[in-house]
Structure formats: C-alpha cells, structure tokens
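One letter stands for each residue in the lines below.
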Amino acid sequence: MDHHSGHGMPMDLPPFTLGRALAYSPDTFFLVGCLLVLGLYGWGVVRLRRRGDSWPVGRIVFFTVGVLTVALVMCTKLNDYGMVMFSVHMVQHMVVSMLSPILLLLGAPVTLALRALPVAARRGGKGPRELLLALLHSRYLRVVTHPAFTIPLFVASLYGLYFTPLFDFLMGSKPGHIAMMVHFLAVGLVFFWPIMGVDPGPHRPGYVMRMLELFAGMPFHAFFGIALMMASEPMVDAYRNPPASLGIDALTDQSAAGGIAWAFSEIPSVLVLIALVYQWYRSEQRQAVRKDRAADRDGGKELEAYNAYLASLHARGR
C-alpha cells in the first residue's frame, strides 16, 4: 500500500509554492482544538475584566499568535505538503515544538486559569481551581517538568522518532500523524515551561540555570539537522519516493529538512533569551523599588547603621 493513501491525501500535489501551501485546508482535530483553546482563554480574560481585574494585552497577543502558529501549519495546505515533503514536515515540527510553545507560554495561560477559574462552592471542596492547583503541586508534574526528564525527552523526540521505524508507523495513518504533532507540542510546552518561568510550576530555577537548560537541548537539534544534511541516502522511508508531480529529489528535500532543523534551533534560543533577560531586569528593578520603600519606611535606618559601622572601622584604624 502506498503510504499516502492511508491519509486520504491527494496523491498528486502540484509543485510547492508558498501561495499554494498557505491555502486553507483544515485538519478537524487541530481546527477544533485551536478554536476551543482561544475560546477558553478569551472566557478567562472576560471573567477577569468583569471582576474589575486587568490582564496584560501583551499576554493576549502572545497567546493568540501562539495558537495561530499552530493553525498555520496544521490547518493549511502546508499540512498536505508535509505528508509528502520532508522539508515542509520539518517546518511543521519546528514551529509546533519550538515556536508555538514559547508564544503560548508567554501568554501565561496557567496564571490566567488560576485567577479566572471558579473556587469550590463549599470550604474544603474540589472546584476547577482546586483541581488545577492539585495538579500543579502533584508529583507527576514535578517529574515531567524536571530538566532531567525534559531535556532527554526533547532530544529523544528527534533521534528516537526519525531514526527508528516509529516515524514511518505514525506517518502511515491520520491519527498517527495527529498524535505525533500533539506530542511535539506537548514536549515543547513541558521543556520551555520551567525555562520561561512566566507561569507558576513545580520547578522555578534561577535565571542562570534556566539559560543553561535552554542551551543544553539546542546542540542536539543542530547535530540532528547536520546528520540529515550530510546523509548520502534518504533516512526516512515515508519520504523516500516523493510524488512525481512535485518535481523534487528525496535527498535534496531531506537536506533542506536538515537545514531547517539546524537553523530553527537558533530562533527559539534568541526569543527565550530576550524574554529571560527582560524578566531578570524587571525582577532587579522590583527589588530596587522594594529596598527604596523599606528605606523610606524605616527612615533610612539601614543606611545610618552602615555609616555608623564605617565610622567605627575608621576609629579603630586610628
């Protein structure tokens, strides 16, 4: 059986152009998912506003763009081309696992949920908010978001999938393909969640630690890309025989896929780094303000004590 026919995919796609690729071609699962997630986020924001609480516009923008990036690669013809072109599939993979999660996390969805979800009706009861808190404090989430788990998972998602028969198996059916894309998104979210540090989570490493975690995963992406670029034969069966109508060579297409994987590992690093440096700067500013306020409150007693200490040293020196 030809591996494309399992998807009910058009066998003969015309040669790839950006205009064709961005034509609307919805995947029902992702279309419903995107609309549902946007709807829930909007509900949370409206609920806060009605209560008289504010929610930063920047976060709404980040989250919305994050959802749109998923829709862009999964609900357009890009998804059809991704079934028969390794390079297009790699664009999908990189966006869904590295760009979308960062944008979604900058929207602080967990913080919004904690502030918007209704509290249990009776004391000691379990409402939606209590259930979310219980999940955030669970042992399961502590393990799943720990760098000792997320970094190997991030790396295994590349090597363990593409260089084993698992990839071809998943590409053989529509549910398999959807499962693979959901997996990429989930892995990206758990990997970047502690690093971004926007939402509360089980792990809150310091800024330097977060940068180290970020850079621990990236070289593997680059090596993976280089391995695909250097290969002298197609490494993935699903893309070994591209449809003649595309007019492409499997090896050239694979090399392009490798280049995309390699180049893409830099983009999230830069984005996250900017976000981290900004957060760091903000937290330093807040600490400075706190110290100033404390000094105002106690009339600069700390400063007086310090001056007295210097004076005593000076006297001793004499």
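Scroll up for the structure.
Structure report, in brief. (Residues numbered from 1 in each chain as written. Predicted model: local features only at pLDDT ≥ 70, side-chain atom pairs only at ≥ 80, totals over all residues. Heavy atoms only, no water.)

**Section: the overall build of the protein**
Thought 1: Tallying secondary structure elements over the protein gives 15 helices and zero strands in all.
Thought 2: With the C-alpha coordinates of the protein rotated into their principal frame, the extents come out at 90 × 55 × 35 Å.
Thought 3: Per-residue burial for the protein yields a buried fraction of 43% across its 318 residues.
Thought 4: Of all intrachain contacts in the protein linking residues separated by at least 6 positions in sequence, the fraction that spans at least 24 positions is 77%.
Thought 5: Of the side-chain charges in the protein, 27 are positive and 20 negative, and the distance between the mean point of each set is 16 Å. (Helix = DSSP H or I, 4+ residues; strand = E, 2+ residues; numbered from the N terminus. Buried < 20%, exposed > 50% of the residue type's maximum accessible area, 1.4 Å probe, protein only. Contact = heavy atoms within 4.5 Å. Lys, Arg positive; Asp, Glu negative; His and termini not counted. Charge placed at Lys NZ, Arg CZ, Asp CG, Glu CD.)

**Observations concerning a nonpolar patch on the surface**
Thought 1: On the surface, Phe220, Phe223, Ile226, Met229, Met230 and Trp262 cluster together into a nonpolar patch covering about 620 Å² of accessible area.
Thought 2: Along the chain, Ile226 falls in helix H12 (residues 207–230).
Thought 3: Take Ile226: its relative accessible area is 34%, and that puts it in the partly exposed class. (Patch = residues over 30% accessible without salt bridge, like charges linked within 9 Å, V, L, I, M, F, W, Y side chains within 5 Å. Areas by Shrake-Rupley, 256 points an atom, 1.4 Å probe, with all protein chains shown as cover. Salt bridge = Lys/Arg side-chain N within 4 Å of Asp/Glu carboxyl O.)

**Considerations on the packing of aromatic side chains**
Thought 1: Applying the stated rule across the entire model yields 16 aromatic pairs.
Thought 2: Above the face of the Trp55 ring, Arg59 is positioned so that its terminal group lies 4.9 Å from the ring centre.
Thought 3: The ring of Tyr207 carries the charged tip of Arg210 above its face, separated from the ring centre by 4.7 Å. (Phe/Tyr/Trp six-rings, centres within 6.5 Å; stacked < 30°, edge-to-face > 60°. Lys NZ or Arg CZ within 6 Å of the ring centre and 35° of its normal.)

**Observations concerning the side chain of Thr145**
Thought 1: Mapped onto the elements of the fold, Thr145 is located in the loop between helix H8 (139–144) and helix H9 (147–162).
Thought 2: Taking relative accessible area as the criterion, Thr145 reaches 1% and is therefore assigned buried.
Thought 3: Polar contacts involving the side chain of Thr145 include one to the main-chain carbonyl oxygen of Leu141, which spans 2.7 Å.
Thought 4: Discounting chain neighbours no more than four positions away, the residues touching Thr145 are Thr150, Trp193, Pro194, Pro202 and His203. (Polar contact = N/O pair within 3.5 Å; in protein donor to acceptor, adjacent residues only side chain to side chain.)

**Quick notes on the nonpolar core**
Thought 1: In terms of nonpolar packing, the biggest core is built from 73 residues, with Phe86, Met90, Tyr162, Phe167, Phe192, Met196 and Val272 touching the most fellow members.
Thought 2: The contacts of Val272, once residues within four sequence positions are left out, are Ile102, Phe192, Ile195, Met196 and Leu214. (Core = buried A, V, L, I, M, F, W, Y, C linked by side-chain atoms within 4.5 Å.)

**Quick word on a positive patch on the surface**
Thought 1: A grouping of Arg282, Arg286, Arg290, Arg293 and Arg297 is seen on the molecular surface, where their side chains present a positively charged patch.
Thought 2: Take Arg286: it is sitting in helix H14 (residues 266–297).
Thought 3: Assessed through its relative accessible area of 44%, Arg286 is described here as partly exposed.

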